[in-house]
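This is what each chain is made of:
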Amino acid sequence: MASVLNPYINFRGNARQAMEFYQAVFGGELRLNTFGQFGSDDTSLAEQIMHGQLETPSGYTLMASDTPPNMTLSPGDNITISLSGTDGGELRGYWEKLSSSGKVSMPLEKQMWGDEFGSCVDQFGVRWMVNITQAQG
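Residues numbered from 1 in each chain as written. Predicted model: local features only at pLDDT ≥ 70, side-chain atom pairs only at ≥ 80, totals over all residues. Heavy atoms only, no water.

Draft legend 1. A look at the confidence of the model for the protein. Looking at the protein as a whole, its pLDDT mean stands at 92, while 94% of the residues score no less than 70. Taken element by element, the predicted model of the protein shows its lowest mean pLDDT in strand β5 (residues 80–85) (92) and its highest in helix α1 (residues 15–26) (98). (pLDDT = per-residue confidence, 0-100. Helix = DSSP H or I, 4+ residues; strand = E, 2+ residues; numbered from the N terminus.)

Draft legend 2. View of the packing of α1 against helix α2 (residues 88–100). It is the contact of α1 with α2, at a shortest axis distance of 9 Å, that shows an interaxial angle of 150 degrees. Judged by the inter-axis angle, α1 sits roughly antiparallel to α2. Crossing angle aside, the handedness with which α1 passes α2 is right-handed. Only Tyr94, Lys97 and Leu98 of α2 make contact with α1, whose side of the interface consists of Phe21, Tyr22, Ala24, Val25 and Phe26. (Axes fitted to C-alpha atoms, helices over the stretch in contact; angles between N-to-C directions. Parallel < 35°, antiparallel > 145°, perpendicular 65-115°, else oblique. Left-handed = near helix turned anticlockwise from the far one by under 90°. Contact = heavy atoms within 4.5 Å.)

Draft legend 3. Representation of the pattern of salt bridges within the structure. As enumerated under the stated definition, the model contains three salt bridges in all. Between glutamate 55 and arginine 31 there is a salt bridge; the shortest N-O distance is 3.1 Å. One end of the pair, glutamate 55, is in strand β3 (residues 49–55); the other, arginine 31, is in strand β2 (residues 29–34), and 24 residues separate them in sequence. Given a relative accessible area of 33%, glutamate 55 falls into the partly exposed group. For arginine 92, the salt bridge goes to glutamate 116, with nearest N and O atoms at 2.4 Å. (Salt bridge = Lys/Arg side-chain N within 4 Å of Asp/Glu carboxyl O. Buried < 20%, exposed > 50% of the residue type's maximum accessible area, 1.4 Å probe, protein only.)

Draft legend 4. Focus on α2. Spanning 13 residues, α2 covers 17 Å between terminal C-alpha atoms, matching the ideal 18 Å at 1.5 Å per step. Within the sequence span of α2, burial applies to Gly88, Leu91, Tyr94, Trp95, Leu98 and Ser99. Buried positions in α2, seen along its axis, are confined to an arc of 130 degrees and lie on one side of it. Turned more than 90 degrees off the buried face of α2, the exposed positions are Gly89 and Ser100. Where α2 is buried, its residues contact α1, β5, β6 (103–110), β7 (116–121) and β8 (127–132). (Expected span 1.5 Å × (residues − 1). Arc of directions from axis to C-beta.)

Draft legend 5. Region of the structure containing the sheet that holds β8. Ordered by their spatial adjacency, four strands build an open sheet running β5-β8-β7-β6, and the pairing between neighbours is mixed. The outermost strands of the open sheet, each flanked by one partner alone, are β5 and β6. Along the sheet, successive strands turn relative to each other by an average axial angle of 10 degrees, direction set aside. As paired strands, β5 and β8 are joined by six bridges and run parallel to one another. (Pairing = 2+ DSSP bridges.)

So this is what it looks like as structure tokens:
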């Protein structure tokens, strides 16, 4: 396998809900491992996610975990996940699901560079950009 780059998102106690939401958006196989499964002595962390991984039919891999309370977390302002390609139907479907319970920063619409583009923040505070490349003609 060639090297790959995968986004890894940290949450504060709601990684399970976020990853289940992303599975509903993108489909695919979701694996979740809790701190308790790995022998954590802290019972308050037992059901929280130590590592979650979603592998989608489109070839995306998204990873996540819950951040323990003793660690600093500043969600949402240091990462944006970008989805792009030519499959408008697929990308519009992702956009609808990601933005429906979040906040749209820029509606998904034709832009000056010719592509359809939009940006939003989903219900978990994660920023997303969607760019649908238009055929060159």
